[in-house]
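Coordinates in review
The lines below spell out each chain.
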Amino acid sequence: MDISVALTFSPLQDDFEEHIIRFIQNLRASGLTVLENPLSTQVYGEYDAVMAVLHTEIKTAFELMDKGLMYLKMVKTDRSTYEPHF
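All values reported here derive from a predicted model rather than from experimental measurement. (Residues numbered from 1 in each chain as written. Predicted model: local features only at pLDDT ≥ 70, side-chain atom pairs only at ≥ 80, totals over all residues. Heavy atoms only, no water.)

Our next topic: helix H2 (residues 47-63). Spanning 17 residues, H2 covers 24 Å between terminal C-alpha atoms, matching the ideal 24 Å at 1.5 Å per step. Val 50, Val 53, Leu 54, Glu 57, Ile 58 and Ala 61 are the residues of H2 that are buried. When H2 is viewed along its axis, its buried side chains cluster within an angular range of 120° and face the same direction. Within H2, the exposed residues directed more than 90 degrees away from the buried face are Asp 48, His 55 and Glu 63. Close packing links the buried residues of H2 with strand S1 (2-11), helix H1 (16-28), strand S3 (41-46) and strand S4 (68-75). For H2, the N-terminal capping position is held by Glu 46, with its side-chain oxygen 3.0 Å away from the main-chain nitrogen of Asp 48. (Helix = DSSP H or I, 4+ residues; strand = E, 2+ residues; numbered from the N terminus. Expected span 1.5 Å × (residues − 1). Buried < 20%, exposed > 50% of the residue type's maximum accessible area, 1.4 Å probe, protein only. Arc of directions from axis to C-beta. Contact = heavy atoms within 4.5 Å. Polar contact = N/O pair within 3.5 Å; in protein donor to acceptor, adjacent residues only side chain to side chain.)

Right, here's the structure in full:
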């Protein structure tokens, strides 16, 4: 089963940028399809593979900062090739 996950990661501290960069670099290195824009990062792939990577990377990110927020949206399909038709 394929899924698409949109993530918004917001460290609630002054040195937020390094945490976001590290998190995205780790997602990129996972081998999953990762797309980024200024508002969120999207991860696409097989459910178990995506969830395993997110489990590890979210835990690591949270351990490396004092306070933070992770907002996730998931859909049960791979939407990585979506293009508007209008």
